[in-house]
Amino acid sequence: MISTNTPSKPRQNSAFKHLMSIHWWMSIGYLILFLTGTIMSRLPREVFIRPSLYDFHKSIGALTMAILTWRILVLLRVWWRKYTKKFPKFTTEWFQTVALHTSLYIFMWVVPVTGFLLSNSFKSNNVKIFGILLPDMFPQNSAMVEVGRSLHFWLAYTFLAFIILHSIQQKKVVRSLWRKFTKTITLGNNLSSN
């Protein structure tokens, strides 16, 4: 029997794969939230699609909060399995990664909550998740509308800055995904031209 010395990839358990699957679902959700938020905030009030876009945006926001809860539960399971076997090496890089990811989780939670603050302050009982009315998190209060709007706007764009930092930190993954994406597009173009 001939032995080959090929380097083995680090073994990833099913909980980690589950966590990464949720990661990508949440990425899609937040991408949709940023796009719809940017578009709807620039539309004049008279545009007929604006109220539907707001409802869609709120539904995706509530859905991402539900997925975030699921992700946190899976993350705790991954951490439990990983760190009960072996403590992490408390390096500067480890602390930076934990600080960045903790910040991302805080933004993933606080940006939708400020959206609820804005919506509930403006009008009671107006947040639905695809038609299902959600209970108000905050009382209707016209004095809080501008506070909610400012918080939601500035925290969303700060969150986006942290997402960019995260992408820079994960540049190898981003490059790999970009190569796969361009390869798929090229393959699709080649197939359609034949």
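Thresholds applied
Residues numbered from 1 in each chain as written. Predicted model: local features only at pLDDT ≥ 70, side-chain atom pairs only at ≥ 80, totals over all residues. Heavy atoms only, no water. UniProt positions renumbered as here; feature names shortened; annotations may be inferred. Helix = DSSP H or I, 4+ residues; strand = E, 2+ residues; numbered from the N terminus. Buried < 20%, exposed > 50% of the residue type's maximum accessible area, 1.4 Å probe, protein only. Salt bridge = Lys/Arg side-chain N within 4 Å of Asp/Glu carboxyl O. Contact = heavy atoms within 4.5 Å. Patch = residues over 30% accessible without salt bridge, like charges linked within 9 Å, V, L, I, M, F, W, Y side chains within 5 Å. Areas by Shrake-Rupley, 256 points an atom, 1.4 Å probe, with all protein chains shown as cover. Lys, Arg positive; Asp, Glu negative; His and termini not counted. Charge placed at Lys NZ, Arg CZ, Asp CG, Glu CD. Phe/Tyr/Trp six-rings, centres within 6.5 Å; stacked < 30°, edge-to-face > 60°. 1 Å grid on protein atoms, 1.4 Å probe; cavity = no way out; pocket = protein on both sides within 12 Å on 5 of 7 lines; lining within 4 Å. Points joined across faces, edges and corners; volume = space filled by probe spheres on them. Nonpolar A, V, L, I, M, F, W, Y, C, P; charged D, E, K, R; others polar.

In the annotation of an unreviewed UniProt entry, the entry for the protein reads Cytochrome b561 bacterial/Ni-hydrogenase domain-containing protein, and the organism field reads Sphaerospermopsis reniformis. Under Sequence similarities (unreviewed entry), UniProt gives the following word-for-word description of the protein: "Belongs to the cytochrome b561 family." Under the UniProt heading Subcellular location (unreviewed entry), the note attached to the protein is "Cell membrane".

A. Looking closely at the environment of Lys85. Mapping Lys85 onto the fold places it in helix 2 (residues 50-85). For Lys85, a relative accessible area of 74% corresponds to the exposed category. When the C-alpha atoms of Lys85 and Leu133 are compared, they prove to be 44 Å apart, with 48 residues separating the residues in sequence.

B. Broad picture of the pattern of salt bridges. Across all of its chains, the model carries one salt bridge by this definition. Here Glu146 ties to Arg149 by a salt bridge, and the two come within 2.3 Å at their closest N and O atoms. Of the two residues, Glu146 and Arg149 both sit in helix 4 (residues 145-169), three residues apart, roughly one turn of that helix.

C. Quick look at the environment of Phe122. Mapped onto the fold, Phe122 is located in helix 3 (residues 92-122). Given the relative accessible area of 54%, Phe122 is considered exposed. When the C-alpha positions of Phe122 and Val145 are compared, they lie 5.7 Å apart, and in sequence the two are 23 residues distant. Beyond its immediate stretch of four places on either side in the chain, Phe122 contacts Gln140 and Val145.

D. Summary view of the UniProt feature "transmembrane region" (unreviewed entry) in the protein. Those places that UniProt annotates as "transmembrane region" (unreviewed entry) correspond, in this numbering, to residues 21-40, 60-78, 98-118 and 151-168. As annotated, residues 98-118 has a helix share of 100% and a strand share of 0%, and its two end C-alpha atoms lie 30 Å apart. Between the end C-alpha atoms of residues 151-168 there is a gap of 26 Å, over a span that is 100% helix and 0% strand.

E. Highlighting a positive patch on the surface. A contiguous patch of positive charge on the surface is contributed by Lys171, Lys172, Arg175 and Arg179. Take Arg179: it is sitting in helix 5 (residues 171-193).

F. Main features of the packing of aromatic side chains. Under the defined criterion, the tally for this structure stands at 10 aromatic pairs. Centre to centre, the rings of Phe34 and Phe159 are 5.9 Å apart; their planes meet at 40 degrees, and the pair counts as tilted. Placement of Phe34 in helix 1 (residues 14-42) and of Phe159 in helix 4 is noted, with a sequence separation of 125 residues between them. Phe159 matches Phe34 in its accessibility class, with the two residues each being buried. On the numbers, 4.9 Å between centres and 55 degrees between planes, the contact of Phe153 with Tyr157 is tilted. Of this pair, Phe153 and Tyr157 both sit in helix 4, four residues apart, roughly one helical turn. For Phe153, a relative accessible area of 42% corresponds to the partly exposed category. For Tyr157, a relative accessible area of 34% translates into the label partly exposed. Following the ring pairs from residue to residue traces out a cluster consisting of Tyr30, Phe34, Phe107, Phe159 and Phe162.

G. Representation of the layout of surface pockets. The calculated volume of the largest pocket comes to roughly 2,300 Å³. As for the largest pocket, its lining consists of 49 residues, of which Met20, His23, His101, His166 and Gln170 are closest to the centre. For the lining of the largest pocket, the secondary-structure elements that each account for two or more residues are helix 1, helix 2, helix 3, helix 4 and helix 5. Looking at the lining of the largest pocket, the element that brings in the most residues is helix 1, giving 13 residues. Its residues placed into classes, the lining of the largest pocket shows 28 nonpolar, 11 polar and 10 charged. The computed volume of the second largest pocket comes to approximately 1,100 Å³.

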